[in-house]
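Results of the structural survey
What follows is the residue order along each chain.
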Amino acid sequence: MKLYLVTSNENKLREISLLLPDGIELESIEAVASHRDIIEDSPTFLGNSVKKIEAYMDLGVPLLADDSGLVIDSLGGFPGVNSARFMEGSSYFGKMSAILDRMENEQERTARFICAALFYDPSNHSLLGVEGKVDGTIAKGISGTGGFGYDPIFIPQGYSDTFAVLGDSVKGRLSHRATAFRRLFSLVCLCNEKA
Ligand code: ITT
């Protein structure tokens, strides 16, 4: 079965491609349709994920979507659903520096990445949704070159380096996205077997 991921973020496509079970292939939606602007103004990750699916439902192909972000407790959940739009146009180095400045004297550094993942089956118009999360803390500085986005400031629980230092093998085991899509793929396979 071929699934189409609604994203313009190549890093998501790469990370999810590493998780595919036998029998499932993945392509970017932009391989079969031109880019469509999606207004991600829902207050929840799930709500924004639904908007991504709705934007391409008319194509009649099986779709996947991922809405995700970094939630920092001492900043009241910021940047949360606004993780991509916060300081839009600035580099991630600039965004991470701004966050670290805001947390300069903060001892409470707990945070988590959250991912709401959805599968849309056009044969019966059904949606399957799951959420994945990974707990951790915000580092005191920016380090590492792996991953993307806020990976250079996020230290997953049980480790002392950031996701960007730890690299794909650790991130692929622990991350919010890996947890969500492993669950989602097992549900999709289960539904396929029963169909
Ligand atoms: P699409 O909407 O096109 O899928 P996007 O990058 O805009 O791509 P989101 O709307 O889900 O995706 O925003 C997620 C943002 O949260 C993303 O741009 C990063 O800033 C951050 N983020 C999400 N997952 C992350 C991860 O695994 N590592 C680091 N940062 C992440």
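Residues numbered from 1 in each chain as written. Predicted model: local features only at pLDDT ≥ 70, side-chain atom pairs only at ≥ 80, totals over all residues. Heavy atoms only, no water.

**Focus: the overall build of the chain**
Put simply, the test is: Each helix is a run of H or I in the DSSP string that is no shorter than four residues. Each strand is a run of E no shorter than two, and both are numbered from the N terminus. Here the globule rule reads 2.2 Å times residues to the power 0.38, and the radius of gyration is calculated from C-alpha atoms. The rule is simple: take the accessible area with a 1.4 Å probe, protein chains only, and divide by the maximum for that residue type; under 20% is buried, over 50% is exposed, in between is partly exposed. It only takes one pair of heavy atoms within 4.5 Å for two residues to be counted as in contact. The accessible surface values rely on the Shrake-Rupley method and a 1.4 Å probe; as for residues, cover is taken only from the protein chains in view. When charges are counted, neither His nor the chain ends are considered; positive counts come from Lys and Arg and negative counts from Asp and Glu. Positions of charges follow a simple convention, taking NZ of Lys, CZ of Arg, CG of Asp or CD of Glu.
A tally of helices and strands in the chain yields 6 helices and 6 strands. Mapped from its N terminus to its C terminus, the chain presents α and β elements in the order β-α-β-α-β-α-β-β-β-α-α-α. Computed over the C-alpha atoms, the radius of gyration of the chain is 17 Å, within 12% of the 16 Å expected from 2.2 N^0.38 for a compact globule of 195 residues. For the chain, the spread of C-alpha atoms along the three principal axes comes to 55 × 30 × 25 Å. Counting every position in the chain, which comprises 195 residues, the buried fraction comes to 45%. Considering only residue pairs separated by 6 or more positions, the chain has 56% of its internal contacts joining residues 24 or more positions apart. About 9500 Å² of surface is accessible on the chain, with carbon and sulfur atoms providing 51% of the total. Once the 19 positive and 26 negative side-chain charges of the chain are each reduced to a mean point, those two points are 3 Å apart.

**Here's the deal with the site of the ligand**
Note the following rule: Any residue with a non-hydrogen atom lying within 4 Å of a molecule or strand is treated as near it. Polar contacts, as counted here, are pairs of nitrogen or oxygen atoms within 3.5 Å of one another; within protein the pair requires one atom able to donate a hydrogen and one able to accept it, and residues that are adjacent in sequence qualify only if both atoms are side-chain atoms.
Near the ligand lie 21 residues; those nearest to it are Thr7, Lys52, Tyr92, Asp151 and Lys171. Side-chain polar atom of glutamate 40 to an oxygen atom of the ligand: 2.9 Å apart, as the coordinates give it. Between the ligand and aspartate 151 there is a distance of 2.7 Å, counted from a nitrogen atom to a side-chain nitrogen or oxygen. For the ligand, the accessible surface in isolation is 600 Å², of which the surrounding protein chains cover 92%. Only β3 (63-72) and α6 (176-194) provide two or more residues apiece to the shell around the ligand. In terms of residue count, β3 provides more of the shell around the ligand than any other element does, 4 residues in total.

**Overview of the side chain of aspartate 66**
Topologically, aspartate 66 is positioned in strand β3. Judged by its relative accessible area of 1%, aspartate 66 falls in the buried class. Excluding residues within four positions of it along the chain, aspartate 66 makes contact with Lys12, Ile16, Ser49, Lys52, Cys115, Ala116, Arg177 and Phe181.

**A short note on the nonpolar core**
Selection criterion: Among buried residues, the Ala, Val, Leu, Ile, Met, Phe, Trp, Tyr and Cys ones that are joined through side-chain atoms within 4.5 Å form a nonpolar core.
Counting 17 residues, the largest nonpolar core has Leu3, Leu64, Ala117, Phe181, Leu184 and Phe185 as the members making the most contacts within it. Those elements giving two or more residues to this core turn out to be β1 (2-6), β4 (110-121) and α6. Top element by residues in this core is α6. It accounts for 6 residues. With residues up to four places along the chain from it excluded, the contact list for leucine 3 reads Ile24, Glu25, Leu26, Glu27, Pro62, Leu64, Phe119 and Phe185. Grouped together as the second largest cluster of nonpolar side chains are 16 residues, Leu100, Phe113, Ile138 and Tyr150 included.

**Considerations on the pairing of β4**
Quick note on the threshold: Criterion used throughout: strands pair if DSSP finds at least two bridges between them.
Here β4 lies mainly inside the structure; 11 of its 12 residues are buried. Summarising the sheet, β3 and β4 pair through 10 bridges and their orientation is antiparallel. What sits directly across from leucine 63, in β4, is tyrosine 120. Pairing analysis gives 12 bridges linking β4 to strand β5 (residues 126-138), with the strands arranged antiparallel. When the bridges of β5 are listed, phenylalanine 113 appears paired with valine 134.

**Concerning the environment of alanine 117**
Along the polypeptide, alanine 117 turns up in strand β4. Spatially, the C-alpha atoms of alanine 117 and leucine 64 are 7.2 Å apart, while their sequence positions differ by 53 residues. For alanine 117, the residues in contact, after removing those within four places along its chain, are Ala65, Leu128, Gly129, Val130, Ala180, Phe181 and Leu184.

**Some details on the environment of leucine 64**
With respect to the helices, strands and loops of the structure, leucine 64 is situated in strand β3. With 43 residues separating them along the chain, leucine 64 and proline 21 place their C-alpha atoms 15 Å apart. Contact partners of leucine 64, with chain neighbours within four places excluded, come to Leu3, Tyr4, Leu5, Val6, Leu26, Ile53, Leu118, Phe119, Phe181, Leu184 and Phe185.

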